[in-house]
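Chains, contacts and geometry: an overview
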Amino acid sequence: MKQRIKRIDKNKPSRSLTKIIIIKVLPVIAFLVAGFLLVPYGSMCFQNNKVGTIQNKNVVVLFFNANCPDCHKIYAKIFWHNVLNFKNKNKQIQTINVKNTNNKHYIAEFTIQATPTFMKTTNTNQSKSLIHG
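To keep things clear, this report deals only with the structure shown in the data block.

Reading the values: rules and limits
Residues numbered from 1 in each chain as written. Predicted model: local features only at pLDDT ≥ 70, side-chain atom pairs only at ≥ 80, totals over all residues. Heavy atoms only, no water. Buried < 20%, exposed > 50% of the residue type's maximum accessible area, 1.4 Å probe, protein only. Helix = DSSP H or I, 4+ residues; strand = E, 2+ residues; numbered from the N terminus. Pairing = 2+ DSSP bridges. Expected span 1.5 Å × (residues − 1). Bend = angle between axes of the 7 residues up to and from the residue. Contact = heavy atoms within 4.5 Å. Phe/Tyr/Trp six-rings, centres within 6.5 Å; stacked < 30°, edge-to-face > 60°.

The next point concerns the pairing of strand 2 (residues 93-97). Counting buried residues in strand 2 gives 5 out of 5 residues, a clear majority hidden from the surface. Of the two faces of strand 2, both are covered, the one formed by Ile 93, Thr 95 and Asn 97 as well as the one formed by Gln 94 and Ile 96. When strand 1 (residues 60-64) meets strand 2, the two strands line up parallel, connected through 5 bridges. By the bridge assignment for strand 2, Phe 63 is matched with Ile 96.

As structure tokens, then:
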């Protein structure tokens, strides 16, 4: 009787939990982590960032250059901060790529000397309280 039970168990296809995790769960986790790391980079480098005016509803503005390594570090944090606060415009940080030829006038207008640079704005007036990175 015992031999017959063992034989039946051997005929069952064995799917261990480890195989299921490796085959099905691990690729999903790897895909999510890669997306978490690459989406801000794509947004920073490939978006058309032509900014006409600085929005009054944003309290803080980030001036960045897509080629700046320090900007890459800070932009990812700002990107996810804006994603998590997408419904509350007052908490979002406006980002302006000064490498874009349409945005180069901000360098002279606000005397930006280095990137990344944060600027705090007031309700209707734009203050020049700059924080260089």
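As a further point, take unusual backbone geometry. Here the bond from Thr 115 into Pro 116 is cis, since omega is 0°, no more than 30 degrees from zero. One can find Pro 116 in the loop between helix 4 (105-109) and strand 3 (117-120). Of note, Thr 111 is a non-glycine position whose phi angle comes to about 45°, a positive value. For Thr 111, the position within the fold is in the loop between helix 4 and strand 3.

Moving on, we come to helix 3 (residues 69-84). Its 16 residues place the ends of helix 3 24 Å apart at the C-alpha level, agreeing with the 22 Å of an ideal helix rising 1.5 Å per residue. The largest bend along helix 3 measures about 25° and falls at Tyr 75. Turning to helix 3, its buried residues are Cys 71, Tyr 75, Ile 78, Phe 79 and Asn 82.

A few words now on the environment of Cys 71. The residue Cys 71 is located in helix 3 in this model. Given a relative accessible area of 0%, Cys 71 falls into the buried group. Taking C-alpha positions, Cys 71 is 6.7 Å from Thr 115, a pair spaced 44 residues apart along the chain. Excluding anything up to four places from it in sequence, Cys 71 contacts Met 44, Phe 64, Asn 65, Thr 115 and Pro 116.

For any two aromatic rings, the description comes down to two numbers: the centre-to-centre distance and the angle of the planes. Going through the model one piece at a time under the given rule, you end up with 6 aromatic pairs. Ring geometry for Phe 64 and Tyr 75: centres 4.9 Å apart, planes at 50°, overall tilted. A residue pair is termed long-range when its members are at least 10 positions apart, and Phe 64 in strand 1 and Tyr 75 in helix 3 qualify at 11 residues. According to the relative accessible area criterion, Phe 64 is buried, its value standing at 0%. Judged by centre distance (5.0 Å) and plane angle (85°), the ring pair of Phe 79 and Trp 80 falls under edge-to-face. Taking relative accessible area as the criterion, Phe 79 reaches 16% and is therefore assigned buried. Of the aromatic side chains, those joined through ring pairs into one cluster are Phe 64, Tyr 75, Phe 79 and Trp 80.

In this fold, Ser 43 is placed in helix 2 (residues 17-46). You can call Ser 43 buried: its relative accessible area is 15%. The sequence separation of Ser 43 and Ala 76 amounts to 33 residues, and the corresponding C-alpha distance is 9.3 Å. Apart from residues no more than four positions distant in its own chain, Ser 43 is found in contact with Tyr 75 and Phe 79.

Treat this as a map of the structure, not an account of what it does.
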